[in-house]
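In case you want the letters, here they are:
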Amino acid sequence: MTSKKIIVANWKMNPLTGKEAVALFKKVKSLAGKNKNTVIVAPPMLYLEAIKRMGLGKVKLASQGGVIGDTGAQTGMVSLAMVKKVGASHAILGHSEMRARGTTDQEVAEQVKDCITKNVTPILCVGEKEREGDMWYLHAVKSQIELALTGMQKAKIANVIIAYEPIWAIGKNAKREATVKECEEMAIYIKKVLADMFGHKESKKVSILYGGSVDEKNAHVFLEQGGVDGLLVGRASLNSKQFSAIIN
Ligand code: PGA
């Protein structure tokens, strides 16, 4: 675990206007400028270009998804090549909200590969729907990782970020956030799955994030005791005061 943390702001489908997006980004940029952590903002794709034109400062941009390839007859879609052109160095892939709308493991695997060839860092989201006593959730996470990363060259795995996002902990209907112990256990387990696939040395280079009801009160606990290299923040990233407290 490094002392420099990765904090990803997943704005999801917010805010409503480009004007608000630019204003929020301006605040984040100024906060990140004074902070040692790596701050990555994932706005709606529609706002990427306007934000890039403002100058990113120390902030990095992520797209929320993106389809593979460059251009083509795909009504309603935006490609990973396009988001790269407008400044995205990262892409959030396999988020549970995208999977719920039909994104398959197969598509996620193709997106991860396409990102790697395009030099965009995939932020691969994995997480179980339910956490029951029978440890089935471990299998769910393992299979998502295996399906997304099988076939990837060992030398490329360090370019992948994995976000552990238990679905039951995400969004305003979340049951609760994960406990620090649950987060730490899963971070260790994910490293083990990666070590089995790519070897111990390479697996240690992969950054693991936690996401799900992170706020200004629990962020430091996850970062200090959760065994993770950073956080993926949804709701709390839309409030600059809350987000400022998290990155600090
Ligand atoms: P939340 O979302 O912080 O609003 O729970 C997290 C996520 O979906 O990444």
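Everything below is about the structure printed above this text.
What counts and how
Residues numbered from 1 in each chain as written. Predicted model: local features only at pLDDT ≥ 70, side-chain atom pairs only at ≥ 80, totals over all residues. Heavy atoms only, no water. Helix = DSSP H or I, 4+ residues; strand = E, 2+ residues; numbered from the N terminus. Expected span 1.5 Å × (residues − 1). Buried < 20%, exposed > 50% of the residue type's maximum accessible area, 1.4 Å probe, protein only. Contact = heavy atoms within 4.5 Å. Near = heavy atom within 4 Å. Polar contact = N/O pair within 3.5 Å; in protein donor to acceptor, adjacent residues only side chain to side chain. Areas by Shrake-Rupley, 256 points an atom, 1.4 Å probe, with all protein chains shown as cover. Nonpolar A, V, L, I, M, F, W, Y, C, P; charged D, E, K, R; others polar.

Moving on, we come to helix α5 (residues 105–118). For α5, spanning 14 residues, the distance from its first C-alpha to its last is 20 Å, which sits close to the expected 20 Å at 1.5 Å a residue. Among all positions of α5, only Val 108, Ala 109, Gln 111, Val 112, Asp 114, Cys 115, Ile 116 and Lys 118 are buried. Buried residues along α5 sit against α3 (80–85), β4 (88–93), α4 (96–100), β5 (121–126) and α6 (136–149). Trailing α5 by a residue or two, Asn 119 shows a phi angle of about 65°, which is positive.

What follows concerns the site of the ligand. Around the ligand sit Asn 10, Lys 12, His 95, Glu 165, Ala 169, Ile 170, Gly 171, Gly 212, Ser 213, Leu 232, Gly 234 and Arg 235, and that is every residue in its neighbourhood. The backbone of Ser 213 places a nitrogen or oxygen atom 2.8 Å from an oxygen atom of the ligand. A distance of 2.9 Å is found between an oxygen atom of the ligand and a backbone nitrogen or oxygen belonging to Gly 234. Here the ligand loses 99% of its free accessible area of 280 Å² to cover by the protein chains. For the shell around the ligand, the class distribution of residues is three nonpolar, six polar and three charged.

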